[in-house]
Every structure is written in structure tokens, then in C-alpha cells.
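# Breakdown of the fold
As a plain string of letters, each chain reads:
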Amino acid sequence: MTAKNILILPGDGIGPEIIDQAIKVLTVLRDEKSVALTWELGLIGGASYDKFAQPFTAETLNQAKQADAVLLGAVGGYQWDNLPRELRPEKGLLALRAGLGLYANLRPALLYPMLASASTLRADVVAGLDLMIVRELTGGIYFGQPRGIRTLENGEQQGFNTLVYSESEIQRIAHMAFKTAMKRQNRLCSVDKANVLESSQLWRDVMETVAKDYPSVELSHLYVDNAAMQLVLNPKQFDVMVTGNLFGDILSDCAAMLTGSIGMLPSASMNDKGQGMYEPIHGSAPDIAGKGLANPLATILSVAMMLRYSLQQSQWADRLEQAVVAVLKQGLRTADIQNTDQAVVDTSTMGDAVVTALRELA
Ligand code: IPM
Ligand code: MG
């Protein structure tokens, strides 16, 4: 069996320290020889800029294209915030998404029962929460042209971006969302702003058309403002939500906090070849970088998604997720998911605990 090769991109801020914990987990899997694995490290974001004066290079794109899967930490930091937009770390992440054609971003929001009290919402509102946001990731206003900052005739500056979705872009994310719903509870809510935006009107029309191919899935629509309200009012009404790039960015942060901490949520981004990139949905948190405060569980759970979706190792994915549940049951908490009566552990201790639990589940 040829080994599966993973490209690991630690990135910036807390990226390297959370990725270190994921590597501990991958090392267990590799050493047990149940999964034939190799990995290599690459540069993205500020880390790449510091070496090559570019947040993303052809070398990294090449490495990513050759890999069976990509695991990413996070990008961004204060020291790069004043660079021209094209050179900022975030641009590196966007270039990776675009370069691999990772149009479908799956962001599950799952509440672990032991963390119900870590949410700012009442436990009865969030207990049992299990929803999946399917975010379109390579289109919409993030990539639309024209864009820029121009000077008007009166000398005033004007910033502008373009929100554009073509039929084929909407169709492929729709198919991904309906298929995702079929593996869950067969309910799909499409989120748009069709009362104001033409791009959303087309989005809604295409969703309705694609729905005909999936008669077992119940399709509903919400305007994005209402969807945001419903997410905090009654989040358990949702099974799968599908939405465009910008709305998905916003709603997934909102959904993350329902689960207690954004430090818990993994994500998978897929292209039409089934290649995937896996990353926690949180950012690089430069304010806590290097202090051992970061929660590595979102990254470790991203490894589980990678095992399931790219490496066809669903048993290992299950086992890793069980190991995470086990450490939470033991009461281990990083600062972001701590209760007043619980002791806080640091990033590395949390990683070690998952490794121990994983070995015990063998
Ligand atoms: C995310 C992040 C990124 C995004 C940033 C870092 C470019 O917020 O993955 O949600 O906006 O997509
Ligand atoms: Mg975001």
C-alpha cells in the first residue's frame, strides 16, 4: 500500500502550536501502522512572506496539488497587517483555496454535552446541537471582479467589490449540500438575501432546480439576517445550511459560539476531485500565540475529518473523535472552554491527553 502523503501548513500565530498537537496524533496513527502515512511541512501566510516576500508560492501550491490532503493551522498576525492587501497572510489562504479549487467548505457545529455550560447561550437552547454549514468557498464577493479602491472625480476615495455567482458555481455547491443532507437528517436550509440581491435570487432559483434531483431532502430558504437570528434563537431547528462565501463566513463564527468555543470547530474544504484541505475554523489568535493557551481540539478534529473524507479511514476518524470526547469527559479544559470549577490545561497537555486516550482506545 502506498503511503498517503499529507502537506502540513502550520502558518502563523497559534498555528504552529496547535499543529504540533495534530502531529502528535498523526504520529500515533502512523506508528500503529494501521494507516500508511507520511507528511511534509510547507509555508503559507506570514511565515511564507517572511521567507519569500509572498504569502503563497508556486512551491506550496505544487506541494498541495501532489498531496493526498492538506492540513492547515491558521494565518495572519499584527506584524503583517499593514502590508499591501496582495501580500497579507489571508491572501495566501485565499490563494490556496482558489488554487486547489476548494469550492465546498463543510463546517460542522457539534455541541459536546460536557461543554453545554461553556456556551453563552442557555444549555437547553444548545444541548444536542448538531448542524453542518456548507459554505461556498471560491466564489462570491471574496473573489468577484472588479474590486479595488478608486478615486472619484471629486477626489473622494471609493472602495468597491463585486458579489457574483454563476449558475454552475451555485449548482455544484447545491449538489454537495443536498448530498450532505442525505447523509444526515435530510433537511437543507439555503441562506441568501434574495429580497435585495440579484445574485441571491439566482442562488435561490438554482437551489430549487437542483432540489428536484433530491426528492428525499426537504429544502427551505431563509434570508441571512433572519438566519442569524434563528441561529441564536433556536439553533436546533437546523440540520444542514448552505450559503455563499461571505454569509457562510459570518454564520459559521456565530454557529461556533453556540458550541461553547470557536476553539472546538474543525472544517473540511473539498474540490471536485475529492481532494481536501482541513483547518480549524478559528484564526491565528496572535494575542495568545506562544502562550500555550490555544485549544488544539479544533485542529485535532480537523485531522478526524481528514481521515474520514480524504484518507477513507472512517474507523480512525471515529476513534479520534472518541478520544476527544474522552479527554473532555476527564474534565480537561483549555482556557476557552473552562468552567469556574475546572483547572485549565495548556495546549500541549491537551494534545498529550488526546494521544493517551487514542492509544487506550486501540
Ligand atoms: C475563515 C477565515 C478566513 C475567511 C480569513 C482568515 C480569510 O475567517 O476561514 O472563516 O474569511 O474565509
Ligand atoms: Mg471566518
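Please read these numbers as outputs of a predicted model, since none were measured by experiment. For every chain, the first residue of the written sequence is number 1, and numbering continues from 1 along that sequence. Chain A is the first chain written and ligand 1 is the first ligand written, with later ones labelled in order. Reporting in this predicted model follows two pLDDT cut-offs: at least 70 for local features of residues, and 80 or more for side-chain atom pairs to be given and counted; totals over whole chains, interfaces and linings ignore these cut-offs and use all residues. Heavy atoms from the whole structure form the basis of all side-chain values; hydrogens and water molecules are not counted.

The full set of residues close to ligand 1 is Glu90, Arg97, Arg107, Arg135, Tyr142 and Asp249. Identification of polar contacts relies on pairs of N or O atoms within 3.5 Å, with a donor-acceptor requirement for protein atoms, meaning one able to donate a hydrogen and the other able to accept it, and with residues adjacent in sequence counted only if both atoms are side-chain atoms. In this structure, an oxygen atom belonging to ligand 1 sits 2.5 Å away from a side-chain N or O atom of tyrosine 142. Within the contact set of ligand 1, an oxygen atom lies 2.9 Å away from a side-chain nitrogen or oxygen of aspartate 249. When atom positions are compared with the pocket grids, ligand 1 is found to occupy the largest pocket. Note on definitions. A residue lies near a molecule or strand when any single heavy atom of the residue is within 4 Å of it. Using only the protein atoms, space was sampled on a 1 Å grid; points where a 1.4 Å probe fits but cannot get out form cavities, open sets with protein on both sides within 12 Å along at least five of seven lines form pockets, and lining residues are those with an atom within 4 Å of a point. In this scheme, a molecule is assigned to a cavity or pocket if more than half of its atoms are within 2 Å of the grid points.

With respect to the helices and strands, arginine 135 occurs in strand β5 (residues 130-136). Only protein chains enter the area calculation, which uses a 1.4 Å probe; residues under 20% of their type maximum are buried, those over 50% are exposed, and those in between are partly exposed. We classify arginine 135 as buried; its relative accessible area is 1%. Any pair of residues with heavy atoms lying within 4.5 Å of one another is described as a contacting pair. Not counting residues up to four positions away in its chain, the partners in contact with arginine 135 are Arg97, Tyr103, Ala104, Asn105, Arg107, Tyr142, Ile173, Thr243, Gly244, Asn245, Gly248 and Asp249. Under the DSSP-based scheme used, a helix requires at least four consecutive residues in state H or I and a strand at least two consecutive residues in state E, with every element numbered from the N terminus.

How far each domain reaches was decided by an automatic or database domain assignment. The domain architecture assigned to the protein chain consists of domain 1 (1-103 + 271-362) and domain 2 (111-264). Listed per partner, the contact involves 22 residues of domain 1 and 24 residues of domain 2. Both sides together, the interface formed by domain 1 and domain 2 hides about 2,000 Å², and carbon and sulfur atoms give 66% of it. A quick way to say it: buried area is the sum, across both parts, of accessible area lost when two parts are put together, with a 1.4 Å probe. When the area that domain 1 buries against domain 2 is broken down by residue, the three leading residues are Arg97, Tyr103 and Ile281, summing to 33%. Basic side-chain nitrogens of Lys or Arg form a salt bridge, by our definition, when they fall within 4 Å of a carboxyl oxygen of Asp or Glu. The tally of links from domain 1 across to domain 2 stands at zero salt bridges.

To estimate how far a helix should reach, multiply one less than its number of residues by 1.5 Å. Over its 17 residues, helix α1 (residues 15-31) extends 24 Å from the first C-alpha to the last, a length consistent with the 24 Å expected when each residue adds 1.5 Å. Along α1, the residues that are buried comprise Gly15, Glu17, Ile18, Ile19, Gln21, Ala22, Ile23, Val25, Leu26, Val28 and Leu29. Once α1 ends, the next one or two residues include lysine 33, with phi positive near 60 degrees.

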